[in-house]
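This is what each chain is made of:
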Amino acid sequence: MTPDLWLDERGRRCPIPVIALARAQTQWANEGAAHSRLVGVLADDPAAQYDIPAWCRLKGAEFICEVTPPDAGLGTGYVVRFNSEK
Amino acid sequence: MIPRSIFVQFVHPDSVGSMTGLPGAPRGYFDAVGGMELAAETVQALNRASLLAWADPARVHHFGSQAALLASTSRSSLARSLSEIADIELSADQIYLAATPSSAAVWAMEGFPGITRIAHSPIETLALIDSCQKPGLPLTALSVDGLGHVDMSALADLADTLVVLQAANIEIGTVQNLADINTFELPVLVDATQVIGHAPMPSGWSVLMVNAQSWGGPAGVTVIAANPGSDWAPPTLAPLGWVGDGVNVASVVAAATALETLLPHITEQQALAYDHVEHLRSRLSTEISDVTFAGDPVQRLPHIINCSVLYVSGEALVSELDRRGFAVASGSACIADSDRASHVLVALGAFTGGNLRISLPFGCMRDDVDSLVDAIVTTVSQLRAEAGL
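Residues numbered from 1 in each chain as written. Chains lettered and ligands numbered in written order. Predicted model: local features only at pLDDT ≥ 70, side-chain atom pairs only at ≥ 80, totals over all residues. Heavy atoms only, no water.

## A closer look at the overall build of chain B
Regarding its fold elements, chain B presents twelve helices and ten strands. Over its C-alpha trace chain B gives a radius of gyration of 21 Å, about what one expects of a compact globule, namely 21 Å for 389 residues. Nonlocal contacts in chain B, meaning residues at least 24 apart in sequence, comprise 69% of its contacts between residues at least 6 apart. Roughly 15000 Å² of accessible area belongs to chain B as shown, and the carbon and sulfur atoms make up 55% of that amount. (Helix = DSSP H or I, 4+ residues; strand = E, 2+ residues; numbered from the N terminus. Rg over C-alpha atoms; globule rule 2.2 N^0.38 Å. Contact = heavy atoms within 4.5 Å. Areas by Shrake-Rupley, 256 points an atom, 1.4 Å probe, with all protein chains shown as cover.)

Here's what the structure looks like:
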């Protein structure tokens, strides 16, 4: 499962990675939300491991899994799906 | 009406008229869980007792005897006050005193006969969880639901198990159903901190421990009460009620005085605080977008509310509120001295960013609550604007 979009928020502390995810969701909604979109967030702030899944529950997104960053660099990749109802 | 022995002894009659029995609520202070300003009576008791009870109460000489007498009077006072609050008959020799919650918990755990296992949940205080490891017994983890209620059903399969839990969670305010444990007939060590002084104490405990700061007592006193119906016995000889190396007698006198003087106000303060928190929740949820609350909104401590504001840093929120004169706590990871998100919020699967832990001190007025909400609303919109939201 390869995200359609990677957001590299490494080196940024909470709440910036979650803000980036919220912006991506808004943009997806503004584009019509015609298809589900898989988004990956790369973050190294430890709070992200709790707050990205919690944000998904609050905002109707689906938290898929944690993955190793595709560049094998620092931090963790969090994969989230915005599910289209169409 | 209970006899006000400590009150009479330590509070000068001339000054009684101007005293309210309530600890002060400095303007802008909303962190009662972190300690409360001492009431005038409590300060007087502390000062006067310091002049009389400085010697080792275990000594035979008359200086030591004087300290021992004051300690013993305080135990009687605490027994009477706690009897009234918990609706149980406690005597002075069922009251023990420890300097810290950890030493109280570890000592109390050793007094349950025939225990082969300890059960606790992940949302107990870190001091309590740490204390549960000390006896070296197998542990059972109790699960919690999204509102912070501990699921007692796992206890059905356990025998000879000591249950250790907070009567109510001090971070999110959720009150546990102690009565649920009683059906399993297991001994229960209950931490009643933030319950005693603020809310009715439910029955169903074998041994109760409580930090005296819970009712406006000074720091450094943890009171242990043994339920006369339980088969718990003090694990070490404690003729003066001392656990371990003992407690500052003057602080114990002050703690007993604080509870005696608070007693007539508890019911009224409880109702006021419950309404204030209802009002806080209602205003915060309508005036701030993307705010989420942790804990049971109904079955809760009257004075505690916990919320997380999305897209705002907890550290920035607390610092900016402090700059505006409002003191609150936070369970967010970015708050300076922890660097780890609150283990309670994590266990609940709650949002940990932008977290605010608000606990109302006694004597808090609606105006105070409204100015706090105003400050939070202004601060959140400022911080979100700075982040380009």
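## Brief notes about the overall build of chain A
Each helix and strand in chain A was counted, giving two helices and four strands. Put simply, chain A runs from its N terminus to its C terminus through helices and strands in the order β-α-β-α-β-β. A compact globule built from 86 residues would reach a C-alpha radius of gyration of about 12 Å, and chain A, at 12 Å, matches this within 12%. Expressed as lengths along the three principal axes of its C-alpha atoms, the size of chain A is roughly 35 × 25 × 20 Å. Here chain A, with 86 residues, has 45% of them falling under the buried criterion. (Buried < 20%, exposed > 50% of the residue type's maximum accessible area, 1.4 Å probe, protein only.)

## Here we look at the sheet that holds strand β8 (residues 291-294) of chain B
Residue and element names in this part refer to chain B. Spatially, the three strands line up as an open sheet ordered β8-β9-β10, and their pairing is antiparallel. The two strands at the open ends of the sheet, each matched to only one other strand, are β8 and β10 (355-359). Each neighbouring strand pair of the sheet contributes to a mean axis angle of 25 degrees, computed without reference to strand direction. (Pairing = 2+ DSSP bridges. Axes fitted to C-alpha atoms, helices over the stretch in contact; angles between N-to-C directions.)

## Things to note about the pattern of salt bridges
When the charged atoms of two side chains lie near each other, side chains of opposite charge can form a pair. With the rule as written, the count across this model stands at 17 salt bridges over all chains. A salt bridge links Glu-62 of chain A to Arg-81 of chain A, with the shortest nitrogen-to-oxygen separation between them at 3.3 Å. Within this pair, whereas Glu-62 of chain A is found in strand β3 (residues 62-67), its partner Arg-81 of chain A is found in strand β4 (residues 76-82), the two being separated by 19 residues in sequence. The exposure class of Glu-62 of chain A is partly exposed, given its relative accessible area of 29%. You can call Arg-81 of chain A partly exposed: its relative accessible area is 29%. Residue Arg-283 of chain B is joined to Asp-370 of chain B by a salt bridge in which the shortest nitrogen-to-oxygen separation is 2.7 Å. Pair noted here: Arg-283 of chain B is in helix α9 (residues 266-287) and Asp-370 of chain B is in helix α12 (residues 366-386), with a separation of 87 residues, a long-range link. Arg-283 of chain B gets classed as buried once you look at its relative accessible area, which sits at 15%. Look at the salt bridges and you will find they share partners, linking Arg-283, Glu-287, Asp-370 and Asp-374 of chain B into a network. (Salt bridge = Lys/Arg side-chain N within 4 Å of Asp/Glu carboxyl O.)

## A word on the UniProt feature "domain: UPF0033" (unreviewed entry) in chain A
UniProt's entry tags residues 7-64 of chain A with the feature "domain: UPF0033" (unreviewed entry), counted in the numbering of this structure. Helix and strand shares over residues 7-64 of chain A are 47% and 21% respectively, and the end C-alpha atoms of the span are 15 Å apart. (UniProt positions renumbered as here; feature names shortened; annotations may be inferred.)

## Looking at the environment of Asp-231 of chain B
Residue and element names in this part refer to chain B. Tracing the sequence through the fold places Asp-231 in the loop between β7 (222-226) and α8 (249-262). On the accessibility criterion, Asp-231 (58% relative accessible area) is exposed. Look past the residues within four positions of Asp-231 in its chain and what remains in contact with it is Gly-111 and Pro-113.

## Remarks on the environment of Gln-270 of chain B
Residues and elements named next belong to chain B. Mapped onto the elements, Gln-270 comes out in helix α9. On the accessibility criterion, Gln-270 (25% relative accessible area) is partly exposed. Counting along the chain gives 76 residues from Gln-270 to Val-346, while the straight-line C-alpha distance between them is 29 Å. Not counting the four nearest positions on each side in its chain, Gln-270 is found in contact with His-198, Ala-199, Pro-200 and Pro-302.

## Looking at the interface of chain B and chain A
Facing the 19 residues of chain B at the interface are 15 residues of chain A. Summing both sides of the interface, chain B and chain A together bury roughly 1400 Å²; the carbon and sulfur share of this comes to 65%. The largest share of the area that chain B buries against chain A comes from Tyr-311, Cys-334 and Phe-351 of chain B, three residues that together contribute 36% of it. Summed over the shared surface of chain B and chain A, the result is one salt bridge. (Buried area = accessible area lost by both parts, 1.4 Å probe.)

## Thoughts on the side chain of Gln-194 of chain B
Residues and elements named next belong to chain B. Structurally, Gln-194 can be placed in the loop between β5 (188-191) and β6 (207-211). One polar contact links Gln-194 to His-303, side chain to side chain, over a distance of 2.8 Å. If sequence neighbours within four positions are ignored, Gln-194 has contacts with Ala-32, Val-33, Ile-170, Ser-214, Leu-301, His-303 and Ile-304. (Polar contact = N/O pair within 3.5 Å; in protein donor to acceptor, adjacent residues only side chain to side chain.)

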